[in-house]
Amino acid sequence: MDLYAEEILDHYKHPRHFGHLDDPSLVYHDRNPLCGDEITLELKIEDGKVADVAFTGHGCAISRAAASMMSEEIVGKSLDELKGWDKESIMDLLGIEVGPVRIKCALLPLKAMKAAVWGLAEDE
Amino acid sequence: MSHSESHTPDSGDTKCAPTRALDVETIRAEFPILQRRIHGLPLVYLDNAATSQKPRSVIDALTRYYEQTNANVHRGVHTLSEEATAQYEGARAKVSTFINATCPKEVIWTRNASEALNVVAYSWGRANLKRGDHVLLTEMEHHSNIVPWQILAAERGIELDFVRVADDGTLMLDNLNKLLTSRTRLFGFTYMSNVVGTINPVKELTLAAHKVGALVLLDACQAVPHMPVDAQALDVDFLAFSGHKMLGPTGIGVLWGRRELLNAMPPFMGGGDMIREVHLSGFKSSELPWKFEAGTPAIAQAIGLGAAVDYLSQVGMDAIHQAERELTAYALQRLPEVKGLRILGPSADKRGGLVAFTLEAAHPHDIAAVLDNLGIAIRAGHHCAQPLHERFNIPASARASFYLYNTREEVDLLVKGLHKVVEMFTF
């Protein structure tokens, strides 16, 4: 089944960068109340670049795989570059077609990352 | 004992045909969509609590109306308008008979059940509630029977109280007499939970509310489509339900209310059809039921709902209820075979035709997505009942909900599909 490609399931079952950082520079918590997906993203910033990243939370396979894949990808990227990330950046990483309902799951990690690098305040 | 049997109409009611088994194969043939294939597989539609499918007779009624009768109602004196008006008001009379209202004037058309509940909050609530008054609801309500009251609470300073839900998904009624006080003006509750499936003891709760002088607003969305509902016998004051969950079209719902209450309530919306006369200095409201029906109504949809009521009556509500109870009991027996599956809600004797559950291995969205690939449609999420999910400390659940066209074989396919979900997501 396309949505649950081998790579997606692999990231779901063995998420990369899952856990906490010792001394994060940025922490952002976000959730998708509609489906209950939740993520806390921690970023370690050095010289304007992501030195390390970690995430915790719970959610469906799509949101967790997206968080895992995104975390792998953003290490070493500059904050300016990450500010320019959009929906397509995540879709390219996932490499699957995501329908209009599940897109919110796929984009939750991006939403948290963008809010963190732009320095937005958390809603709650 | 079964709660439901205690508040369905008396078996002595001569209007009820004797319960007979459903001829499911014949019924299925009358629903064109059930011929569809999803991802190459036959559709197994188990999302009936969200919306039901439509029989040919309802689809034909809509087409026939648009092809032969389309005109505005209550306005023209030409033939089409008279025919449209007769069909539209005829549908109201059918619905009135279906729920045993005292008369069709008490049947108010709304867009859906949410709007029906909102009419009570905005019209009755604004005219009758003042600071310090209490409204009692339950923790298992759909958002549409919580949010209108929260809006009113913020506006009017009224207090909201909630009957809590026990671990088994039934209402905790031990302290009901503490929650229902002389300051309680209205008790709003659902006949049947759209998540845990619990059928509430409507007569008992209504009696308790009336003892303290509170009115009763019954959300009968999950009840009217699935079991005989007698508005007069239940003795409630308002009753709300939607058409699309009972084989009818979307865009049409019903608020039934006691005539003296409806007569005393101010109009909900202003506009055409709801007025007797309008002058620049003011207006006089029309009489019931049109007082609450501003603007050109959902004419085709009302007529379609009339056709749905005809269909349901012909099959027999007792037979539908019985078949769904049996199917649900079968599902409750088979679902625990799936590893890590937790069922929300009470035993079969206390619930209607739906089962919500969680799986240890997978998020409800993933469950629903994998099942969809097998042609099986279920609901995943919080089903517009977030407080109830918070009470069970879960973000979401998966829900299979049944109707008259569902079969044991479909329950078997669901169970088989869930085994596959577990296999896919276990590591």
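Along every chain, residues carry numbers that run from 1 in the direction the sequence is written. The lettering of chains begins at A and the numbering of ligands begins at 1, in the order of writing. The model is predicted, so local features are restricted to residues of pLDDT at least 70 and side-chain atom pairs to those at 80 or more, both for listing and for counting; the totals for chains, interfaces and linings are taken over all residues. In computing side-chain properties, one takes all heavy atoms of the structure into account and sets aside hydrogens as well as water.

Asks: Can you help me understand the overall build of chain A in this one?
Replies: The way it works is that DSSP assigns letters per residue, a run of H or I at least four long becomes a helix, a run of E at least two long becomes a strand, and they are numbered from the N terminus. Secondary structure summary: chain A contains 5 helices and 3 strands in total. Counting helices and strands in the order they occur from the N terminus, chain A gives α-β-β-β-α-α-α-α. Relative to the globule expectation of 14 Å for 124 residues, the C-alpha radius of gyration of chain A, 13 Å, shows essentially globular dimensions. Overall size of chain A, expressed as C-alpha extent along the three principal axes, is 40 × 30 × 25 Å. Exposure classes here rest on a 1.4 Å probe applied to the protein chains alone. A residue is buried below 20% of its type maximum, exposed above 50%, and partly exposed in between. Within chain A, buried positions represent 50% of all 124 residues. Residues count as neighbours in contact if any of their non-hydrogen atoms are within 4.5 Å of one another. Within chain A, residue pairs in contact and separated by at least 24 positions form 62% of the contacts whose partners lie at least 6 positions apart. For chain A, the computed accessible surface area is about 6000 Å², with 48% contributed by carbon and sulfur atoms. Here the globule rule is a power law, 2.2 Å times the number of residues to the power 0.38, and the radius of gyration is based on C-alpha atoms. Calculation of accessible area relied on Shrake-Rupley with a 1.4 Å probe; when residues are assessed, cover is drawn exclusively from the protein chains displayed.

Asks: When you look at the pattern of salt bridges in this model, what are you seeing that I'm missing?
Replies: Here the idea is simple: oppositely charged side chains can pair when their charged atoms come close. A pairing counts as a salt bridge when a side-chain nitrogen of Lys or Arg comes within 4 Å of a carboxyl oxygen of Asp or Glu. For the coordinates displayed, the defined rule picks out 26 salt bridges over all chains. The residue E73 of chain A makes a salt bridge to K77 of chain A at a minimum N-O spacing of 3.8 Å. The partner of R92 of chain B in a salt bridge is E293 of chain B, and the shortest N-O contact between them spans 2.8 Å. Highlighted residues: R92 of chain B in helix α4 (residues 79-98) and E293 of chain B in the loop between β12 (282-285) and α11 (299-315), separated in sequence by 201 residues.

Asks: Honestly, the nonpolar core in this entry has me stumped. Any pointers?
Replies: As a rule of thumb, soluble globular proteins bury nonpolar side chains together. Among buried residues, the Ala, Val, Leu, Ile, Met, Phe, Trp, Tyr and Cys ones that are joined through side-chain atoms within 4.5 Å form a nonpolar core. The biggest cluster of nonpolar side chains holds 83 residues, and the ones touching the most others in it are Y191, L239 and L404 of chain B. When residues of this core are assigned to their parent elements, the largest contribution, 11 residues, is made by α11 of chain B.

Asks: What is the right way to look at the sheet that holds strand β3 (residues 49-58) of chain A in this model?
Replies: Two pairing modes exist for strands in a sheet, parallel and antiparallel, and in both the strands are linked by backbone hydrogen bonds. All names here are of chain A. One bridge is not enough; two strands pair if DSSP finds at least two bridges between them. Here we have 3 strands laid out as an open sheet, ordered β1-β2-β3, and antiparallel in their pairing. A strand with exactly one partner marks an edge of an open sheet, and here the two such strands are β1 (26-32) and β3. For this sheet, the mean inter-axis angle between neighbouring strands, taken without regard to orientation, is 20°. Sheet topology places β1 next to strand β2 (residues 37-46); 7 bridges connect them, and they run antiparallel. Within β2, the position partnered with D30 by the bridge is I39. Of the strands in this sheet, β2 and β3 are in contact with helix α2 (residues 61-74), which crosses β3 at around 170°. Interaxial angles span 0 to 180 degrees and are taken between N-to-C directions of axes, which are lines fitted to C-alpha atoms, for helices over the stretch in contact. Against the sheet, helix α5 (residues 103-117) contacts β1 and β2, and its axis sits at roughly 150° relative to β1.

Asks: Would you explain the environment of L34 of chain B in this entry?
Replies: All names here are of chain B. With respect to the secondary-structure elements, L34 resides in the loop between α2 (24-29) and β1 (37-38). Spatially, the C-alpha atoms of L34 and T51 are 14 Å apart, while their sequence positions differ by 17 residues. Among residues more than four places away in sequence, those in contact with L34 are R28, L43 and Y405.

Asks: Please clarify how the domain arrangement of chain B should be interpreted in this entry.
Replies: A common way to report how large an interface is uses the accessible area buried once the components associate. All names here are of chain B. For chain B, the domain assignment lists domain 1 (3-54 + 316-420) and domain 2 (58-313). Averaged C-alpha coordinates put domain 1 and domain 2 at centres separated by 25 Å. At the boundary of domain 1 with domain 2, total buried surface from both sides reaches about 3700 Å², with 60% on carbon and sulfur atoms. Linking domain 1 to domain 2 there are 1 salt bridge. Between R391 and D167 there is a salt bridge; the shortest N-O distance is 2.7 Å. For the purposes of these results, a polar contact is taken to be a pair of N or O atoms within 3.5 Å, where, inside protein, one atom must be able to donate a hydrogen and its partner to accept one; residues adjacent in sequence count only when each atom of the pair is a side-chain atom. Across the contact surface, domain 1 and domain 2 share 23 residue pairs in polar contact (both at pLDDT 80 or more). Looking at the side of domain 1 that touches domain 2, the elements with two or more residues in it are α1 (3-7), α12 (317-334), β14 (354-359), α14 (386-391) and β17 (397-401). Grouping the constituent residues of the side of domain 1 that touches domain 2 by class yields 21 nonpolar, 19 polar and 9 charged. Start and end points for every domain follow an automatic or database-based domain assignment. Buried area: the accessible area, evaluated with a 1.4 Å probe, that two parts lose upon being put together, summed over both parts. Note on residue classes: Ala, Val, Leu, Ile, Met, Phe, Trp, Tyr, Cys and Pro are nonpolar, Asp, Glu, Lys and Arg are charged, and everything else, Gly too, is polar.

Asks: Is there a simple way to think about the pairing of strand β11 (residues 275-279) of chain B in this case?
Replies: Where a strand is regular, its side chains alternate between the two sheet faces. Residues and elements named next belong to chain B. The sheet contact formed by β11 and β12 spans 4 bridges and is antiparallel. By the bridge assignment for β12, V278 is matched with F283. As consecutive antiparallel partners, β11 and β12 are separated by 2 residues.

Asks: Sorry, what's going on with the sheet that holds β14 of chain B here?
Replies: Residues and elements named next belong to chain B. As summarised here, the arrangement of the 4 strands in space is β13-β14-β17-β16, forming an open sheet in which the pairing is antiparallel. Edge positions in the sheet fall to β13 (341-344) and β16 (379-381), since each of these pairs with one other strand and no more. Going from strand to strand, the sheet's axes swing by 30° on average, the running direction of each strand aside. Bridge analysis of β14 against β17 gives 4 bridges, and the strand direction is antiparallel. Looking at the pairing, F357 lines up with A398 of β17.

Asks: Teacher, can you tell me more about α12 of chain B here?
Replies: An α-helical turn contains 3.6 residues, so any two residues separated by three or four positions project in the same direction. Expected helix span is taken as 1.5 Å per residue step, with the number of steps being one fewer than the number of residues. In this model, α12 of chain B (18 residues) spans 26 Å end to end at C-alpha, consistent with the 26 Å of a helix rising 1.5 Å per residue. Every buried residue of α12 of chain B is accounted for by M317, A319, I320, H321, E324, R325, L327, T328, Y330, A331, L332 and R334 of chain B.

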